Each structure stands twice: as C-alpha cells, then as structure tokens.
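# Structural description and commentary
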Amino acid sequence: MSDEEHHFESKADAGASKTYPQQAGTIRKNGYIVIKGRPCKVVEVSTSKTGKHGHAKCHFVAIDIFNGKKLEDIVPSSHNCDVPHVNRTDYQLIDISEDGFVSLLTENGNTKDDLRLPTDENLLTQIKDGFAEGKDLVVSVMSAMGEEQICALKDIGPK
C-alpha cells in the first residue's frame, strides 16, 4: 500500500459519454446517429437484404443537427452505431451583445453567456426583431456532443 494520494482531473459532466451504442438495424427515421463524428438526425433509412455472404446493410441519410449538411453512411444492420445524447433546453433571452453572443436566463436564475446567435438567417432575424420590439422571448437550445446551438424561438408575450 502506498501513502501517496491519487489525483484525478475532474470533468464537469461526471464522466458521462457523449454517445451511446445502438444496433444499426434498430435506428429509425427521425432518430439520431453519429456520422463522420457529427451528430445527425436521420431523414431516411433503407435496409438491403443479406447477400450471398454477409450482413444486411442499413443505408442512413441524415442531416447534421448543427450545420444542416447532409451526410450518408452504410452500416451492417447487426453492428452498433454511435447515437448522440441530444438535449433541448429552453432559456429566456435577456440580452444580445454586439459581438453576436446572447445572454440567457437558466432555470435556477443564473445567466448563460457562452452561446452565439444562430447562423440560420430566418431564425436570426426573428430573434433580433423580437428582441428589438421588447418581446419576452424563449429560445430552445439543442446540445449534443459538447456543442450547443439555438434551434427554435417562442414568444411568451410582451414584457
């Protein structure tokens, strides 16, 4: 036995994995999948029959949930795929800074200041216009695999 203490680097996420394995044959349309290291929403799944040798294959067509790029992957249906943990959280919009960051109010009353305005032009103008009019806005933030982005907007009435 040694008397020295072991020091571990602490992680804020309690060691939780960014993804979990799921058999390719069980992933359906509107589910999530990791393709080329990016979290994606599945828009199309087709399964080919087993050939003379080998496995049935699943052909996934999916769209990156953060940048909207279309990605494809073909995986044997009996193999495991990575599926991202995707969370949606609603925050109230407090402020928009000149450098493109937003200030959001969390459930417990703290502020969250590390998110940029969305790149989607339509959503961006809705947020800026609504904020300029003094409306109370609630934004939905989608987070997966260490990335976060504003994905939707709700108007909860005037201040």
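In case you missed it, the structure is sitting above this.
So, here's what we can say about the structure. (Residues numbered from 1 in each chain as written. Predicted model: local features only at pLDDT ≥ 70, side-chain atom pairs only at ≥ 80, totals over all residues. Heavy atoms only, no water.)

## Observations concerning helix α1 (residues 121-132)
In a regular helix each residue adds 1.5 Å, so twelve residues correspond to 16 Å; α1 covers 16 Å between its end C-alpha atoms and thus fits that length. Looking only at α1, the buried set comprises L123, L124, I127 and G130. Angularly, the buried residues of α1 cover 145° about the axis, an arc narrow enough to put them on a single face. Facing away from the buried side of α1 by over 90 degrees, the exposed positions are E121, N122 and A132. (Helix = DSSP H or I, 4+ residues; strand = E, 2+ residues; numbered from the N terminus. Expected span 1.5 Å × (residues − 1). Buried < 20%, exposed > 50% of the residue type's maximum accessible area, 1.4 Å probe, protein only. Arc of directions from axis to C-beta.)

## Concerning the pattern of salt bridges
Following the criterion strictly, the structure yields six salt bridges and no others. Here K154 ties to D90 by a salt bridge, and the two come within 2.8 Å at their closest N and O atoms. In this pair, K154 is assigned in strand β11 (residues 147-158) and D90 in strand β7 (residues 87-96), connecting sequence segments 64 residues apart. Assessed through its relative accessible area of 34%, D90 is described here as partly exposed. For K112, the salt bridge identified is with E148, shortest N-O distance 2.9 Å. (Salt bridge = Lys/Arg side-chain N within 4 Å of Asp/Glu carboxyl O.)

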